[in-house]
Amino acid sequence: MDFFFQIFGYNSGMISMIFIVLALLSNAYFVALHLASPGTFLGTFFSFSSVWFWLSVFFALLFILERRKILKKIFDRIPRKIKTTLVALICFFALVSGFSLFFICTPRKGKADGNEKARYVIVLGGGITKNGELTDSVKNRVQAAAFYLKRNKDALAVVSGGKGRFIPCAEAEVLSPELASFGIDEYRILKEDKAKDTIQNLVFSARLIAEHEKIPLSEVLASPVAICTSDFHLARSERIAKRLGFSDVYGIAAKTPPIFVLNAYCREICSYIKLNLRILLTGKPKKIE
């Protein structure tokens, strides 16, 4: 950073402008997320979207410190070793995030011509409103699943999602009639209403299928399975599925509403890194027994 200042100079006015613009943009995006998802807790302090609010506070604080000529004094007092370490950590995180984003954007997707013949389609829940209604993102998942199921009439669907802390009922109870409304026969839809996260979605769905079909769990894991979820969530879902023992799995991508894309992919990068750290440090999740 010192090297940067030596080359380009220290322009306090420009730096202040950058900070205030970033603060305003972050806050505006936080408000936009909240307005775009009425009836949910997406735009509150109980979700990842609160990051944008705290970023706006952080940049506003930097703006105030810079305008009062305090920021550079604080920066100059930090030992060079600490500054070098911080820069190295930031660069390392950026590199890991970049690799994670690459994998997130390159899942194994079902082909447009529908040649794959999945025996089972697992539709992952992604949140309902406090009034028990599906969000736009989840509606897109159901629509994508219905389109696939209409082309593959022998496939069985599992809608998966339990009851969260702030919602009135299990997601599966809302997903099932929504999927049926697209013309999918109810006998083709199984409801998994206990899962709290993606790992449980897949574990409980596999067990439910085995119980319903009266077949060994190993046969379910060896069968071709399609996971229907939002585009940003596919790669992590597939990685978890393979860790759990699914041997032939691919994704059905549902589009994410444009306003949520930035928030969704930033959150997914953190979740993908967290998953890989969990695998590295604990070896979990492991194959379903």
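See the structure above.
Residues numbered from 1 in each chain as written. Predicted model: local features only at pLDDT ≥ 70, side-chain atom pairs only at ≥ 80, totals over all residues. Heavy atoms only, no water.

**So, the side chain of arginine 141**
Phase 1: Position of arginine 141 among the secondary structure elements: in helix α6 (residues 136–151).
Phase 2: One buried charged residue, arginine 141, remains without a salt bridge, the closest side chain of opposite sign being glutamate 171 at 6.5 Å.
Phase 3: For arginine 141, the residues in contact, after removing those within four places along its chain, are Val123, Leu124, Gly125, Gly126, Cys228, Thr229, Ser230, Phe232, His233 and Ala254. (Helix = DSSP H or I, 4+ residues; strand = E, 2+ residues; numbered from the N terminus. Buried < 20%, exposed > 50% of the residue type's maximum accessible area, 1.4 Å probe, protein only. Lys, Arg positive; Asp, Glu negative; His and termini not counted. Salt bridge = Lys/Arg side-chain N within 4 Å of Asp/Glu carboxyl O. Contact = heavy atoms within 4.5 Å.)

**Thoughts on the nonpolar core**
Phase 1: Counting residues in hydrophobic clusters, the biggest one holds 27 residues, and the most contacted among them are Val121, Leu134, Leu149, Val159, Leu179, Cys228 and Ile252.
Phase 2: Residue assignment for this core shows that the elements contributing at least two residues are β1 (120–124), α6, β2 (156–160), α7 (171–180), β4 (224–230) and β5 (248–254).
Phase 3: Element by element, the count of residues in this core is highest for α6, at 7 residues.
Phase 4: Once you skip the residues sitting within four places of it in the chain, valine 121 turns out to touch Tyr148, Leu149, Ala155, Leu156, Ala157, Val158, Ala226, Cys228 and Ile252.
Phase 5: Within the second largest apolar cluster, 26 residues are counted, among which are Leu124, Ile215, Val249 and Leu275. (Core = buried A, V, L, I, M, F, W, Y, C linked by side-chain atoms within 4.5 Å.)

**Describing the pattern of salt bridges**
Phase 1: Within the structure shown, the criterion is met by 6 salt bridges.
Phase 2: Between lysine 191 and glutamate 173 there is a salt bridge; the shortest N-O distance is 3.2 Å. Here the residue lysine 191 occupies a position in strand β3 (residues 189–192), and glutamate 173 occupies one in helix α7, the gap between them amounting to 18 residues.
Phase 3: Across the pair glutamate 268 and arginine 236 runs a salt bridge whose closest N-O atoms are separated by 2.6 Å.

**Re the packing of aromatic side chains**
Aromatic ring pairs are defined here through the distance separating the ring centres and the angle between the ring planes.
Phase 1: Counted by the stated rule, this structure contains 6 aromatic pairs.
Phase 2: Considering the side-chain rings of tyrosine 29 and tryptophan 52, the 5.1 Å spacing of their centres and the 85 degrees angle between planes classify their relative orientation as edge-to-face. In this pair, tyrosine 29 sits in helix α2 (residues 12–36) while tryptophan 52 sits in helix α3 (residues 50–67), placing the two residues 23 residues apart along the sequence.
Phase 3: Relative accessible area serves as the criterion here: at 13%, tyrosine 29 is assigned to the buried category.
Phase 4: With centroids separated by 5.1 Å and ring planes inclined at 75 degrees, the aromatic side chains of phenylalanine 53 and tryptophan 54 adopt a geometry described as edge-to-face.
Phase 5: Overall, the relative accessible area of 23% leaves phenylalanine 53 in the partly exposed class.
Phase 6: Across from the ring centre of phenylalanine 75, 4.4 Å away, lies the NZ or CZ of lysine 83, which sits over that ring. (Phe/Tyr/Trp six-rings, centres within 6.5 Å; stacked < 30°, edge-to-face > 60°. Lys NZ or Arg CZ within 6 Å of the ring centre and 35° of its normal.)

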